[in-house]
Amino acid sequence: MSKDWPLWEVFVRSKGGMAHRHVGSVHAPDSEIALRHARDTYTRRMEGVSLWVVPSAQISASDPEDDATLFDPAADKTYRHPTFYDIPEDVKHI
Amino acid sequence: MYTTELQKSNQVRAIEDPEKLAAFEARVAADEFIEPKDWMPEAYRRTLTRQISQHAHSEIVGMLPEGNWISRAPSLRRKAILLAKVQDEAGHGLYLYSAAETLGTSREEMIEALHSGKAKYSTIFNYPTLTWADIGAIGWLVDGAAIMNQVPLQRTSYGPYARAMVRVCKEESFHQRQGYEIMMAMCAGTADQKRMAQDALNRWWWPSLMMFGPPDADSPNTAQSMRWRIKRETNDELRQKFVDITVPQAEALGLKVPDPALEWNEARGHYDFGEVDWEEFYAVVRGEGPVAKERMAARREAWEEGAWVRDAAAAYAEKQAAKKAA
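Since this is a predicted model, take the numbers as computed values, not measurements.

Observations regarding the overall build of chain A
- Within chain A, the regular secondary structure consists of two helices and three strands.
- Since a compact globule built from 94 residues should have a radius of gyration of about 12 Å, the 21 Å found for chain A marks it as more spread out than a globular shape.
- Principal-axis analysis of the C-alpha atoms gives chain A an extent of 70 × 35 × 15 Å.
- Across the 94 residues in chain A, those meeting the buried criterion constitute 24%.
- Long-range contacts, defined as pairs at least 24 residues apart, comprise 41% of the intrachain contacts of chain A with a sequence gap of at least 6.
- Surface summary for chain A: the accessible area is close to 7,000 Å², and the carbon and sulfur share equals 56%.

Structural data, given as structure tokens:
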């Protein structure tokens, strides 16, 4: 029995001006066939104007176990947000 | 299309870390989504893998009863529509296999499990499609029941499954409407055509009600699946909803639902309906459906006939990669 083709992650740009967004994955032996499969699987109804395929094995992802240390520090740096600063109401356009 | 969860075995709670389990259950209870790399109890992973892969298998096997009518569709319009619908079913199967793979089971293992008979798929596809009216009845009833099942699954707790369901639901409505339109055309046709439509309804009605799975009382894992938000409504709730919306649709066609016990119950605000033949259901689950053997034989043949294409493409890719490296 033949082995699974490698897995590719598929990203679709829904229309000009929008970023590519992850929609799912396909199996394919190479990037050309991955693009064809992505087209048939994820854009049968004008869902996009551009496709990216990326070998799934090439994606490095953060670990959910590290979420607390990775993303928490932002919460105690409220001075990064404009609402941190009190400006008198009669001062306009700021 | 859709499948209900058919194989059951769940008793691993004792081996899970109680702290992690409590944190997981709290997240699910708060309607948070669980993503592939998040910690999850093994029983959750197993139940989902089984449910999503059975769902995927159902989409793939679901192409067979309709595929054999593509060459016999009565007009070019109907043929183009049926081709597009069958292609959608393949797409739905692929979204779902991808979602199941994120739980750590390979595509190859899942396909192997289907072909060996170890994995189940929806019982509905083990009934034959005898006339063109069956294609109408399948779109209307089978895809209608599938929509009823799948809409709540868009909020299922596992992120990749929920996202696959959003895509599937967007596409499924076309399937149901094209089926109903076929029924409308036949019911507005000759007396013979209308008889065919009634005959198709007679044969597909009960198997469609079976698509929601066994009664809640005989579905021991429903409570666990509801708690984990894998399932959002019970089999009986969904079945009742389906009957309530479908009966008026049959009336609009001038067709009669083949259930002498069917009656509007003013007090409940629902239709009362007769008992499904659960023995038939379990027999079909066991693989005794009228065309179960043909379905699996056709599926295996398609897979084996395509093996040389898969191997050739893999060999070509390897050769190109080697050339590039040299």
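Focus: the sheet that holds strand 3 (residues 50-55) of chain A
Residues and elements named next belong to chain A.
- On the basis of which strands lie adjacent, the open sheet formed by three strands has the order 2-1-3 and antiparallel pairing. Sheet topology places strand 2 (20-27) and strand 3 at the edges, where each strand pairs with a single neighbour. Averaged over all adjacent pairs, the angle separating strand axes in this sheet is 30°, with direction ignored.
- Sheet topology note: the strand 1 (residues 7-13)/strand 3 ladder contains six bridges and is antiparallel. Note on strand 3: the bridge partner recorded for valine 12 is leucine 51.

Side note on helix 7 (residues 159-187) of chain B
- With 29 residues, helix 7 of chain B extends 42 Å from end C-alpha to end C-alpha; this agrees with the ideal 42 Å at 1.5 Å per step.
- Maximal helix bending in helix 7 of chain B amounts to about 30°, located at B:Glu171.

Comments concerning the layout of surface pockets
- For the largest pocket, the calculated volume is near 1,100 Å³.
- If you go around the largest pocket, you meet 33 residues; those closest to its centre are A:His22, A:Val23, A:Gly24, A:Ser25 and B:Arg163.
- Elements with a minimum of two residues in the lining of the largest pocket: strand 1 and strand 2 of chain A together with helix 4 (76-101) and helix 7 of chain B.
- At seven residues, helix 7 of chain B tops the list of elements feeding residues into the lining of the largest pocket.
- Partitioned by chemical class, the residues of the lining of the largest pocket number 13 nonpolar, eight polar and twelve charged.
- Of the voids in this model, the second largest pocket is the one considered here, and its volume is about 830 Å³.
- As for the second largest pocket, its lining consists of 27 residues, of which A:Trp5, A:His37, B:Leu94, B:Arg107 and B:Trp303 are closest to the centre.

Description of the interface of chain A and chain B
- Listed by partner, the interface residues are 21 residues for chain A and 25 residues for chain B.
- Both faces combined, the contact of chain A with chain B buries some 2,000 Å², and carbon together with sulfur accounts for 48% of it.
- Linking chain A to chain B there are five salt bridges.
- Of the charged contacts, one joins B:Glu108 and A:Lys3 as a salt bridge, the two residues approaching to 3.7 Å between their closest N and O atoms.
- Here chain A is connected to chain B by 14 residue pairs in polar contact (both at pLDDT 80 or more).
- Listing elements by their share of the side of chain A that touches chain B, those giving two or more residues are strand 2 and helix 1 (31-42) of chain A.

Some words on the packing of aromatic side chains
- Enumeration according to the criterion identifies 16 aromatic pairs over all chains in this entry.
- When the ring of A:Tyr79 is compared with that of A:Phe84, the centres are 6.2 Å apart and the planes differ by 75°; the resulting orientation is edge-to-face.
- Since its relative accessible area comes to 43%, A:Phe84 is described here as partly exposed.
- Ring centres of B:Tyr127 and B:Trp204 lie 6.4 Å apart, and the angle between their planes is 65°; this geometry places the pair in the edge-to-face category. You can see B:Tyr127 sitting in the loop between helix 5 (107-115) and helix 6 (132-153) and its partner B:Trp204 sitting in helix 8 (residues 191-210), a full 77 residues away along the chain.

Some thoughts on the pairing of strand 2 of chain A
Residues and elements named next belong to chain A.
- Note that strand 1 and strand 2 share seven bridges and pair antiparallel. By the bridge assignment, leucine 7 is partnered in strand 2 with histidine 27.
- Joining the antiparallel neighbours strand 1 and strand 2 is a turn of six residues, in which glycine 17 adopts a positive phi near 95°.

Examining a nonpolar patch on the surface
- Side chains of A:Tyr79, A:Phe84, A:Tyr85, A:Ile87, A:Val91 and A:Ile94 sit close together on the surface and give an oily, nonpolar patch of about 650 Å² of accessible area.
- Within the fold, A:Tyr85 resides in the segment after helix 2 (67-71).

Conventions adopted
- Residues numbered from 1 in each chain as written.
- Chains lettered and ligands numbered in written order.
- Predicted model: local features only at pLDDT ≥ 70, side-chain atom pairs only at ≥ 80, totals over all residues.
- Heavy atoms only, no water.
- Helix = DSSP H or I, 4+ residues; strand = E, 2+ residues; numbered from the N terminus.
- Rg over C-alpha atoms; globule rule 2.2 N^0.38 Å.
- Buried < 20%, exposed > 50% of the residue type's maximum accessible area, 1.4 Å probe, protein only.
- Contact = heavy atoms within 4.5 Å.
- Areas by Shrake-Rupley, 256 points an atom, 1.4 Å probe, with all protein chains shown as cover.
- Pairing = 2+ DSSP bridges.
- Axes fitted to C-alpha atoms, helices over the stretch in contact; angles between N-to-C directions.
- Expected span 1.5 Å × (residues − 1).
- Bend = angle between axes of the 7 residues up to and from the residue.
- 1 Å grid on protein atoms, 1.4 Å probe; cavity = no way out; pocket = protein on both sides within 12 Å on 5 of 7 lines; lining within 4 Å.
- Points joined across faces, edges and corners; volume = space filled by probe spheres on them.
- Nonpolar A, V, L, I, M, F, W, Y, C, P; charged D, E, K, R; others polar.
- Buried area = accessible area lost by both parts, 1.4 Å probe.
- Salt bridge = Lys/Arg side-chain N within 4 Å of Asp/Glu carboxyl O.
- Polar contact = N/O pair within 3.5 Å; in protein donor to acceptor, adjacent residues only side chain to side chain.
- Phe/Tyr/Trp six-rings, centres within 6.5 Å; stacked < 30°, edge-to-face > 60°.
- Patch = residues over 30% accessible without salt bridge, like charges linked within 9 Å, V, L, I, M, F, W, Y side chains within 5 Å.

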